[in-house]
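Residues per chain are reported as follows:
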Amino acid sequence: MNKVLAQDPNDDVSAAPAQKTRGGALKPIPDDALILIPMRNNVLFPGVLSPITVGRPGSVAAAQEAVRAEKKVGFVLQRDPQKSAVGPNDLYWVGTAAQIVRYITGGEGAHHMVVQGNARFRALEFLEGWPFLVARVQMIDTPDAMTPELEARFLQLKQQAAEAIQLLPNAPDELAAVVQGVSSPGLLADMVANLLDVKSEDKQGLLETFDLKSRLDRVLELLSERVGVLRISKEIGDRTKKEFDERQREHVLREQMRQIQKELGEDEDTSAELDELKKQIEAAGMPQDVHKHATKELKRLQRMGEGSAEGSMLRTYLEWLAELPWKDEASRAIDIAEARKVLDEDHFGLDKIKKRILEHLAVRKLNPAGKSPILCFVGPPGVGKTSLGQSIARATGRRFQRIALGGVHDEAEIRGHRRTYIGALPGNVIQALRRAESKNAVLMFDEIDKLGMGGFHGDPSSALLEVLDPEQNSKFRDNYLGVDFDLSKVMFITTANVLDSIPGPLRDRMEIIQLPGYTEEEKLQIAGRYLVKRQLEANGLSDAQAELREEAVRSIIADYTREAGVRNLERLIGAALRRAAMQIAEGAEGKVTIDASDLHGILGAKRFENEVAERTSVPGVATGLAWTPVGGDILFIEASKVPGSGKLIITGQLGDVMKESAQAALTLARTYLSDSYEKTDIHIHVPAGATPKDGPSAGVAMFLALVSLLTEKPIRPDVAMTGEISLRGLVLPIGGVKEKTLAALRAGIRTVMLPRRNEKDLEDVPAEARAKLEFVFLERVEDALRTAVGDLPKRERKAA
Ligand SMILES: Nc1ncnc2c1ncn2[C@@H]1O[C@H](COP(=O)(O)OP(=O)(O)O)[C@@H](O)[C@H]1O
Ligand SMILES: [Mg+2]
């Protein structure tokens, strides 16, 4: 925003000396005309006092004549600020008439004045015969009577203006008081318009908005935009100021330390540190141009001394440059056999995934300079995505660094802030590389699907795209560094919970590897081989001191967790072992063993035991299977009857597609049964889960719930189902078979009903899970009925 007294900075003060206008030499200006002065970049508003500098001969002559004849001047904006000689067509025809209250002739042809804006006018006709612009004008008067409509806007504007002034870094204190003191809405609108830091055209627009209500609205709109911006920049400012203060403090302390060392005779010559920095720069292995740049900056630092704030910033910058891993180390050749061994050591199972990782590594080994796609692990939490990345780093003898992308909204977080920005730092890619101390590192972009959308400060995903693009990343330029850094040796890996929310162009660059989740048996193995050991260690226990029995682990898996990964499992194993650690600390003798029966006392009541059996013991409840972004889950579809008029009521957390399938299921259930239900409403409820569910795949479950309700026969408790239905009773295929099947198994289901056309997808389900389940493949809804409810009492099918 401009200060109240804003200058027109673009007026060319160096123009030729003004042509003198002597008293009486000019013919008088008619009463209904104004002398005009064009402004390149500034709009004067009525009620505003403003300094204005003029330099163009015409403008100087105009100002002098106005002072001499004690006339007002009309200030008008020119359309093209570059243009020096302007005529009527170069000007906006609406301007502000103003009194020149002071006039000072400065040196070098610049003339300064202070003007007081009075009123808007519209030029009607330009007149000839003066060495400056003169136009006949019509003054515009806006009535300023307060109406309720105006008052509301007036008060809102005052409040917004107060906030804006507070957010302004250098606003004079009086400004707030002045704004608060204004009692006319028109004046307030013009004052705020004057203060607004917007384009001249926008200001001109405000000047030309004669209707007071519209003008207040427009000013409010522009102001609230600015307030938004100011809020953000203040936030950034506060943050960086804090960093900056901390750095200042560090600098002062260092300086004091140096003084003390001097006093004690321990002074090593102040330039010793800079010599050290120089050595570091020499040893860093920078490319030639970077080295040249660093040396130049170092010289500048030596001249400047470190005493100043700028000096300490420059020093920090040079330290960043010196500490980055510029050197081209010969990367260790990838040993595939060794890599296989490491992957097997770190992770149980995941055979297919390990195989694909090894293939990927083999391709890299054969063609290190090749543009291999970037691995992307996709799957629910706790399935080992991040730890696989660490394992790959270990398997290939590289350093691992993780960059969390969750909530990254700002391009600068990836690419850094310019050095001119106080408290600037490199972006997280360069930061990670410094931590890695090697450019042959494995960098993991974790949770790439949580990357914020492009916002106020540029789109982070396009910056990421550049980082990941082998065509571009050998010359990656971080804003802070300001020199290119070669990322082509880095092995990038990404992870995501879901594929859908990864920006398309990023997805195209990646080789997607899905990790769907583990079966109970796999979890047991993972717990036995890794999790229990790790948690023993974390709690300072040896396996001679404490043991978690296999039955207890089984119970944690089946009764206390229902997850695709092993995150809660590990957490609860930790909780159980902490109890053991406590008992030992309290003096328990011998080895502490934790059994399944101890879990109740440690973890509380079982959470998932028998849930299915209980829920499905009444007619009208079917166990459906849902796909969610965090693996599969079971869901209960509950149907009930209430007296009414044959309506279908649907409640719960479900989307439109699901509502449609409920309608289809009811139609189907009705044609199937002879009874009429004109005096009952049917109520279908899908209990809220962690994630809202939608999609047509609950069709079969809804149909069964309805038939079960209408025939009053409960559905078998160990059956779960998924499938879309058509109005003619066909069962149509669905997605997510693997996740859904694993979820069924976790919930203790024995029989899973799937659409016939999904039979082929069973290939993806681990054999061990398949062996534990019975599958029924559905072509028509009748097939589902037979298994889930048994034969119906009466099967008189109404003609459809
Ligand atoms: N197959 C596995 N074998 C051994 N440990 C595993 C396996 N899968 C997951 N883990 C362990 O589970 C924990 C959670 O894994 P993590 O990599 O954080 O999951 P994600 O990144 O997928 O959310 C880690 O401690 C990891 O080592
Ligand atoms: Mg993770």
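Predicted model only: the values in this text are computed from it and were never measured.

S.K.: Is there a simple way to explain the overall build of the protein chain in this structure?
M.R.: When you go through the protein chain residue by residue, the secondary structure sums to 26 helices and 24 strands. In the protein chain, which comprises 800 residues, the share counted as buried stands at 47%. A separation of at least 24 residues holds for 75% of the contacts in the protein chain among residues at least 6 apart in sequence. Carbon and sulfur atoms form 50% of the exposed surface of the protein chain, whose accessible area is close to 38200 Å².

S.K.: Explain the packing of aromatic side chains to me, please; I cannot follow it from the model alone.
M.R.: Two aromatic rings, taken as a pair, are described by how far apart their centres are and by the angle between their planes. Using the criterion set out here, one finds five aromatic pairs in the structure. Consider the rings of Phe-445 and Phe-492, whose centres lie 5.7 Å apart with planes at 15°: the pair is stacked. Residue Phe-445 is located in strand 9 (residues 442–446), and its partner Phe-492 is located in strand 12 (residues 491–496); the two are separated by 47 residues in the primary sequence. Note on Phe-492: relative accessible area 6%, which makes it buried. The cationic tip of Arg-79 hangs over the ring face of Tyr-92; the distance from NZ or CZ to the ring centre is 4.3 Å. Its guanidinium or amino end placed over the ring of Phe-485, Lys-439 lies 5.9 Å from that ring's centre, counting from NZ or CZ.

S.K.: Which parts of the structure should I look at to understand the packing of helix 2 (residues 148–167) against helix 4 (residues 185–195)?
M.R.: The relative placement of two packed helices comes down to the angle between their axes together with the axis-to-axis distance. Look at helix 2 against helix 4: their axes get within 10 Å of each other, and the N-to-C directions meet at 30°. Note on packing geometry: the crossing formed by helix 2 with helix 4 is left-handed. The residues of helix 4 that touch helix 2, namely those facing Phe-154, Leu-157, Lys-158 and Ala-161, are Pro-185, Leu-188, Ala-189 and Val-192. For the contact of helix 2 with helix 4, a count of residues per class yields seven nonpolar, no polar and one charged.

S.K.: Would you explain the sheet that holds strand 12 in this entry?
M.R.: As a general point, the strands of a sheet are linked pairwise by backbone hydrogen bonds and lie either parallel or antiparallel. Strand order across the open sheet formed by five strands is 8-9-12-7-13, with parallel pairing between neighbours. What marks the edges here is a single partner per strand, and that holds for strand 8 (400–404) and strand 13 (510–514). On average, each strand axis in the sheet is tilted by 25° relative to the strand beside it, whichever way the strands run. Here four bridges tie strand 9 to strand 12, and the two strands are oriented parallel to one another. Looking across to strand 12, one finds that Met-444 is bridged to Ile-493. In this fold helix 14 (residues 428–436) packs onto strand 8 and strand 9, with an angle of close to 155° to the strand it touches most, strand 8. On top of the sheet, helix 15 (residues 460–468) reaches strand 7 (374–378), strand 9 and strand 12; it is set at about 155° to strand 9, its chief contact.

S.K.: Looking at this structure, I do not really get the nonpolar core. What am I missing?
M.R.: Looking at soluble globular proteins, one finds that nonpolar side chains tend to be buried together. Counting residues in each nonpolar core, the largest one holds 50 residues, and the members touching the most others are Phe-377, Ile-392, Leu-548 and Ile-573. Of all hydrophobic cores here, the second largest spans 49 residues; its members include Leu-277, Leu-314, Ile-414 and Ala-463.

S.K.: Would you mind showing me how to read the pattern of salt bridges here?
M.R.: Oppositely charged side chains can form a pair if their charged atoms are brought close together. One pass over the structure, following the stated rule, counts 43 salt bridges. Across the pair Asp-346 and Arg-394 runs a salt bridge, and its minimum N-O distance is 2.9 Å. With Asp-346 in helix 10 (residues 336–346) and Arg-394 in helix 12 (residues 385–395), the pair connects residues that are 48 residues apart, well separated along the chain. On the basis of relative accessible area, Arg-394 is assigned to the partly exposed category, the value being 43%.

S.K.: I tried to follow the pairing of strand 3 (residues 73–77) on my own but got confused; where do I start?
M.R.: Note on strand geometry: in a regular strand, side chains alternate between the two faces of the sheet. Counting buried positions over the five residues of strand 3 gives five, a clear majority of the element. Pairing geometry for strand 1 (residues 33–39) and strand 3, over five bridges, is parallel. Counted as the bridge partner of Met-39 is Leu-77 from strand 3. The pairing of strand 3 with strand 4 (residues 94–105) spans three bridges and is antiparallel. Looking across to strand 4, one finds that Gly-74 is bridged to Ala-97.

S.K.: Got a minute to help me understand the site of ligand 1 in this structure?
M.R.: Neighbouring residues of ligand 1: 19 residues in total, closest Gly-382, Lys-385, Thr-386, Arg-534 and Arg-567. In the environment of ligand 1, an oxygen atom lies 2.7 Å from a nitrogen or oxygen atom belonging to the backbone of Gly-382. Measuring from an oxygen atom of ligand 1, one finds a side-chain N or O atom of Arg-534 at 2.5 Å. Taking 560 Å² as the accessible area of ligand 1 by itself, protein coverage stands at 89%. Considering only residue class, the shell around ligand 1 consists of nine nonpolar, five polar and five charged.

S.K.: It is not clear to me how helix 10 should be interpreted in this structure. Could you clarify?
M.R.: Note that an α-helix has 3.6 residues per turn; residues three or four places apart therefore point the same way. Every buried residue of helix 10 is accounted for by Ala-339, Val-342 and Leu-343. Projected onto a plane normal to the axis of helix 10, the buried residues spread over an arc of 100° and lie on a single side. Where helix 10 is buried, its residues contact helix 11 (351–366) and helix 12. Sitting at the head of helix 10, Asp-335 places a side-chain oxygen 3.1 Å from the backbone nitrogen of Ala-337.

S.K.: What should I look at first to understand helix 18 (residues 550–560) in this one?
M.R.: Turning to helix 18, its buried residues are Ala-552, Val-553, Ser-555, Ile-556, Ile-557, Asp-559 and Tyr-560. Residues of helix 18 that are buried make contact with helix 17 (520–538), strand 14 (546–548), helix 19 (567–585), strand 15 (592–594) and helix 20 (599–603).

S.K.: Got a minute to help me understand the packing of helix 17 against helix 19 in this structure?
M.R.: Contact geometry for helix 17 and helix 19: axes closest at 10 Å, N-to-C directions at 50°. Here helix 17 is positioned oblique relative to helix 19, judged by the angle of their axes. The two elements helix 17 and helix 19 meet at a crossing, and its hand is right-handed. Residues Lys-523, Ala-527, Leu-531, Val-532, Arg-534, Gln-535 and Leu-536 of helix 17 lie in contact with helix 19, whose contacting residues are Leu-569, Glu-570, Ile-573, Gly-574 and Leu-577. Looking at the contact of helix 17 with helix 19 residue by residue, the classes come out as seven nonpolar, two polar and three charged.

S.K.: Explain the environment of Tyr-560 to me, please; I cannot follow it from the model alone.
M.R.: Take Tyr-560: it is sitting in helix 18. The spacing of Tyr-560 and Leu-572 is twelve residues in sequence and 8.4 Å in space, taken between C-alpha atoms. Not counting residues up to four positions away in its chain, the partners in contact with Tyr-560 are Ser-555, Leu-572, Leu-599, His-600, Leu-603, Gly-604, Ala-605, Lys-606, Arg-607 and Phe-608.

S.K.: Explain the layout of surface pockets to me, please; I cannot follow it from the model alone.
M.R.: In this approach, a probe sized like a water molecule rolls over the atoms, and the result shows the empty space that is left. Volume-wise, the largest pocket comes out at about 830 Å³. In terms of lining, the largest pocket is formed by 36 residues, of which the most central are Gln-514, Leu-515, Pro-516, Lys-738 and Asp-764. Every element with two or more residues in the lining of the largest pocket is listed here: helix 11, strand 13, strand 16 (621–628) and helix 24 (737–746). Ranked by the residues each element gives to the lining of the largest pocket, the list is headed by helix 11, at four residues. Within the lining of the largest pocket, the residues separate by chemical class into 16 nonpolar, nine polar and eleven charged.

S.K.: Any chance you could explain the environment of Gly-95 here in plain terms?
M.R.: Tracing the backbone through its elements, the reader meets Gly-95 in strand 4. C-alpha separation for the pair Gly-95 and Ala-119, spaced 24 residues apart in sequence, amounts to 8.4 Å. Excluding anything up to four places from it in sequence, Gly-95 contacts Phe-75, Val-76, Ala-119, Arg-120, Phe-121 and Leu-207.

Scoring rules and cut-offs
Here the residue index of a chain counts from 1 through its sequence in written order. Lettering for chains starts from A, numbering for ligands starts from 1, and both go in the order in which the items are written. The model is predicted, so local features are restricted to residues of pLDDT at least 70 and side-chain atom pairs to those at 80 or more, both for listing and for counting; the totals for chains, interfaces and linings are taken over all residues. The side-chain figures draw on all heavy atoms in the structure; neither hydrogens nor water molecules are used. The way it works is that DSSP assigns letters per residue, a run of H or I at least four long becomes a helix, a run of E at least two long becomes a strand, and they are numbered from the N terminus. The buried label goes to any residue with under 20% of its type's maximum accessible area, the exposed label to any with over 50%, and the partly exposed label to all in between, with areas taken from a 1.4 Å probe on protein chains only. Pairs of residues are marked as contacts when any of their non-hydrogen atoms sit within 4.5 Å. Using a 1.4 Å probe, the Shrake-Rupley method yields the accessible areas, and only the shown protein chains count as cover for residues. Two rings from Phe, Tyr or Trp (for Trp, the six-membered ring) form a pair when their centres are within 6.5 Å of each other. A pair whose planes differ by under 30 degrees is stacked, one over 60 is edge-to-face, and the rest are tilted. We call a charge positioned above a ring when the Lys NZ or Arg CZ atom is no farther than 6 Å from the ring centre and deviates by at most 35 degrees from the ring normal. Between the N-to-C directions of two axes lies an angle of 0 to 180 degrees, each axis being a line fitted to C-alpha atoms and, for a helix, fitted only over the stretch in contact. Left-handed describes a crossing whose near helix is turned anticlockwise from the far helix by less than a right angle; the clockwise case is right-handed. Each residue is assigned to one class: nonpolar for Ala, Val, Leu, Ile, Met, Phe, Trp, Tyr, Cys and Pro, charged for Asp, Glu, Lys and Arg, and polar for all the others, Gly among them. A pair of strands is considered paired only if DSSP assigns at least 2 bridges between the two. Remark: nonpolar core denotes a set of buried residues (Ala, Val, Leu, Ile, Met, Phe, Trp, Tyr, Cys) joined through side-chain atoms within 4.5 Å. Any carboxyl oxygen of Asp or Glu within 4 Å of a side-chain nitrogen of Lys or Arg constitutes a salt bridge here. Whether a residue is near a molecule or strand depends on its heavy atoms: if one lies within 4 Å, it is near. Two N or O atoms count as a polar contact when they lie within 3.5 Å, although within protein this holds only if one can serve as hydrogen donor and the other as acceptor, and sequence-adjacent residues are included solely when both atoms are side-chain atoms. Here the arc refers to the directions that run from the helix axis out to each C-beta atom. The scheme is simple: roughly parallel for angles under 35 degrees, roughly antiparallel for over 145, roughly perpendicular for 65 to 115, oblique for anything else. A cavity here means a set of 1 Å grid points, computed over protein atoms only, where a 1.4 Å probe fits but cannot escape. A pocket is an open set with protein on both sides within 12 Å along at least 5 of 7 lines, and lining residues have an atom within 4 Å of a point. Grid points are joined across faces, edges and corners, and a volume is the space filled by probe spheres set on the points.

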